[in-house]
Amino acid sequence: MNGREVLTNPGAPKRPGSLVNKDDDLIVCRGDLLDTSSSGIRYRVTGTLGSGTFGQVFECAVLDDADNEGSAGSARDADASTSTAASASASAPHQRAAVKVIKNQAAYYHQARVEIGVLQMLNTQVDPHDRYHIVRLRDFFMFKGHLCLVFELLGLNLYELIRRNKFRGLSLSLVRVFVTHVLKALAVLKDSSVIHCDVKPENILLEDPKTGRVKLIDFGSACFRNKAVYTYIQSRFYRAPEVVIGYGYTEAVDMWSVGCVAAELFLGLPLFPASSEFDLLERIAETIGPLPRSMLIKSKNTGVFYTFEDSDMHRGARLLTTEEYQTLNMRWVLTSTDLRSLVVARPDSILTRTTRFPRFARFARSPVRLCGARSTSSTRCSATSSTMRRSKRA
């Protein structure tokens, strides 16, 4: 990259001459210009703010046409790009911005388009005067085949604030300010039939450290109430029980997450630091009691975590013990090496007569996975995750 600092990790191209890495992230260097073409606005990359499954987020300086004249030579040539202002364009009052560069993959692109649609509606129709603590989408455009979203630049996220406080809880008065702002945002979302689906400290950012004003960010997992198609949402520490057991969900799951966030801000540590969904249900039961029977009998994943005491489902269910859960959800992995070892050990075995069983012969030549129970979660593209998502919270 001509000696410039590469901000993308990994920074090696997928193939010689490619502008993307093996993860389909655009390779970006400090000083690069992200060009909107049609609007005349450019964004000079000054640093990185984070990355996630969706792509990368960069801190950028906003350049107008006059700035562009003296710096166009250092930019990469942009593709034929399209740009649409989400509000009053990223111009003079907004000299710095956070630019989210989405991976060049169809699933992440389409999810980002949903995020754009949700934020356009919230910013222009529901909260045009920026009163309800929702991040502002300034612009979006295509660059080198990557969808780029331009946001206002905010400060620390609340997890980073707790970390810098050495994981000591914050004062009750400060927690009250933060939570009040988030609740105002969620009230607007509920009135608009929007579910955020990923409320957590990392997605709540300081706007003004002096007043404690915060904003809710990362609508990459958001959906409308009547279009809640994903079953695997929310980071685990903040995941509502109805999501875990497959009951179906509404805006109430965001309220559950806010409760978990409020406790964490006050305690300095997560309320439910679960290592798995089963562990999460155990911790919830120990803290607030068992889940309602009416919910369990209508949930599609109840049998993964619970057992009914008798044949009558309406007489109650019991959370499995750890041993019962591990037995029920056991997984075995049998490799092709294992199969060949069995053939050697038992030459008279059916394994040696694979010519009679073509389908089995195919498995004998490749790794085989045998599962003792059905999968407990659906596959989905989590395009948001958040800017700085930690794997243990996933």
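Think of each chain on its own: its residues are numbered from 1, step by step along the sequence as written. Selection of residues for local features in this predicted model requires a pLDDT of at least 70, selection of side-chain atom pairs for listing and counting requires 80 or more, and totals for whole chains, interfaces and linings are taken over all residues. Side-chain calculation: all heavy atoms of the structure are included, whereas hydrogens and water are not.

**Considering the overall build of the chain**
Then step 1. Strands are runs of DSSP state E lasting at least 2 residues, helices are runs of H or I lasting at least 4, and numbering of each runs from the N terminus. Of regular secondary structure, the chain possesses 12 helices and 15 strands.
Then step 2. Only protein chains enter the accessibility calculation, which uses a 1.4 Å probe; a residue is then buried when its area is under 20% of its type maximum, exposed when over 50%, and partly exposed in between. When burial is assessed residue by residue, the chain has 46% of its 394 residues classed as buried.

**A word on the nonpolar core**
Then step 1. Ranked by internal contacts, the top residues of the largest apolar core, which has 63 residues, are Phe219 and Phe305.
Then step 2. Considering each element in turn, this core owes the most residues, eight residues, to helix H4 (residues 172-191).
Then step 3. In this structure, Phe305 is in contact with Val244, Ile245, Glu277, Phe278, Leu281, Arg318, Leu319, Leu320 and Tyr325, ignoring residues within four places of it in sequence.
Then step 4. Remark: nonpolar core denotes a set of buried residues (Ala, Val, Leu, Ile, Met, Phe, Trp, Tyr, Cys) joined through side-chain atoms within 4.5 Å. Judged by nonpolar contacts, the second largest core, of 17 residues, contains Cys60, Val101, Cys148 and Val150. Residues are treated as being in contact if the distance between any of their heavy atoms lies within 4.5 Å.

**A look at the state of the cysteines**
Then step 1. Disulfide assignment relies on a single distance test, namely cysteine sulfur atoms paired within 2.5 Å. Counted under the stated rule, the structure contains zero disulfides.
Then step 2. Considering cysteine sulfurs only, Cys197 is the nearest to Cys223, which forms no disulfide, with 3.9 Å between them.

**As for the side chain of Arg239**
Then step 1. With respect to the helices and strands, Arg239 occurs in the loop between strand S11 (223-224) and helix H5 (241-244).
Then step 2. A polar atom in the side chain of Arg239 sits 2.8 Å from the backbone oxygen of Gln234. Residues adjacent in sequence count toward polar contacts only when both atoms are side-chain atoms; beyond that, a polar contact is any pair of N or O atoms within 3.5 Å, and within protein one must be able to donate a hydrogen and the other to accept it.

**Side note on the packing of H4 against helix H6 (residues 252-267)**
Then step 1. At a closest axis distance of 10 Å, the pairing of H4 and H6 adopts a crossing angle of 165°. The angle between the axes of H4 and H6 places the two elements in the roughly antiparallel class. Taken as a pair, H4 and H6 cross one another with a handedness that is right-handed. Of the residues in H6, those in contact with Leu172, Val175, Phe178, Val179, Val182, Leu183 and Leu186 of H4 are Asp254, Met255, Val258, Ala262, Leu265 and Phe266. Angles run from 0 to 180 degrees between N-to-C directions of axes, and those axes are lines fitted to C-alpha atoms, restricted for helices to the stretch in contact. Any angle that is under 35 degrees is reported as roughly parallel, and any over 145 degrees as roughly antiparallel; angles of 65 to 115 degrees are reported as roughly perpendicular and all others as oblique. Handedness of a crossing follows from how the near helix is turned relative to the far one, being left-handed for an anticlockwise turn of less than a right angle and right-handed for a clockwise one.

**Examining the pattern of salt bridges**
Then step 1. In what follows, salt bridge is the name for a side-chain nitrogen of Lys or Arg lying within 4 Å of a carboxyl oxygen of Asp or Glu. Scanning the model with the defined rule gives 23 salt bridges in all.
Then step 2. A single salt-bridge network, built from bridges that share partners, covers Asp127, Asp130, Arg136, Glu152, Glu207, Arg213 and Lys215.

**Quick notes on the packing of aromatic side chains**
Then step 1. When two rings of Phe, Tyr or Trp (its six-membered ring) have centres within 6.5 Å they constitute a pair, described as stacked for plane angles under 30 degrees, edge-to-face for angles over 60, and tilted for the intermediate range. For the structure shown, the criterion picks out six aromatic pairs.
Then step 2. Arranged with centres 6.2 Å apart and planes meeting at 55°, the rings of Phe237 and Tyr238 form a pair that is tilted.
Then step 3. Seen in terms of ring centroids, Phe278 and Tyr325 are 4.3 Å apart; in terms of plane orientation they differ by 5°. Their pairing is stacked. With Phe278 in helix H7 (residues 277-288) and Tyr325 in helix H10 (residues 322-328), the pair connects residues that are 47 residues apart, well separated along the chain. Taken individually, Phe278 and Tyr325 each receive the classification buried, so the pair is uniform in this respect.
Then step 4. What links up through ring pairs into an aromatic cluster is the set Phe278, Phe305 and Tyr325.

**A few points about the pairing of strand S6 (residues 137-143)**
Then step 1. Counted residue by residue, S6 has six buried out of seven residues, so it is predominantly covered.
Then step 2. Strands pair, by our definition, only if DSSP identifies at least two bridges between them. Relative to strand S7 (residues 146-152), S6 runs antiparallel, the two sharing six bridges. Across the sheet, residue Asp139 finds its bridge partner in S7, namely Val150.
Then step 3. What sits between the antiparallel neighbours S6 and S7 is a turn of two residues, in which Lys144 has the positive phi angle 55°.

**Some thoughts on a nonpolar patch on the surface**
Then step 1. Each patch groups residues whose relative accessible area exceeds 30% and which form no salt bridge, using 9 Å between like charges and 5 Å between nonpolar side chains of Val, Leu, Ile, Met, Phe, Trp and Tyr. Each accessible area value is a Shrake-Rupley result obtained with a 1.4 Å probe; residue values ignore everything except the protein chains displayed when judging cover. Taken together, Leu172, Phe266, Leu267 and Leu271 make up a surface patch of nonpolar side chains, about 370 Å² in accessible area.
Then step 2. Along the polypeptide, Phe266 turns up in helix H6.

**A look at the side chain of Asn157**
Then step 1. Here Asn157 shows up in the loop between S7 and helix H3 (158-164).
Then step 2. A polar contact is formed between the side chain of Asn157 and the backbone nitrogen of Tyr159, at a distance of 3.0 Å.
Then step 3. Within polar-contact distance, the side chain of Asn157 engages the backbone nitrogen of Glu160 at 2.7 Å.

**Re the pairing of strand S9 (residues 204-208)**
Then step 1. One ladder, built from four bridges, connects S9 with strand S10 (residues 213-216); its direction is antiparallel. Looking at S10, one finds that Leu206 is bridged to Val214.
Then step 2. Here S9 folds back onto S10, and the loop between the two strands holds four residues, one of which, Gly212, carries a positive phi near 80°.

**Points about H6**
Then step 1. One fewer than the residue count of a helix, multiplied by 1.5 Å, yields its expected span. Across its 16 residues, H6 extends 23 Å between first and last C-alpha, which sits within 8% of the 22 Å expected from 1.5 Å per residue.
Then step 2. On the buried face of H6, the contacting elements are H3, H4, strand S8 (194-195), S9 and H5.
Then step 3. Phi turns positive one or two residues past the end of H6, at Gly268, with a value near 90°.

**Observations regarding unusual backbone geometry**
Then step 1. The step from Asn9 to Pro10 runs through a cis peptide bond, and the omega angle for that step is 0°.
Then step 2. With respect to the secondary-structure elements, Pro10 resides in the segment before strand S1 (33-35).
Then step 3. Even without being glycine, Lys166 reaches a positive phi, approximately 60°.
Then step 4. For Lys166, the location among the structural elements is in the loop between H3 and H4.

**Concerning the environment of Asn301**
Then step 1. Position of Asn301 relative to the elements: it lies in the loop between helix H8 (293-296) and helix H9 (302-305).
Then step 2. For Asn301, a relative accessible area of 9% translates into the label buried.
Then step 3. Sequence spacing of Asn301 and Glu242 is 59 residues, and the spatial spacing of their C-alpha atoms is 9.7 Å.

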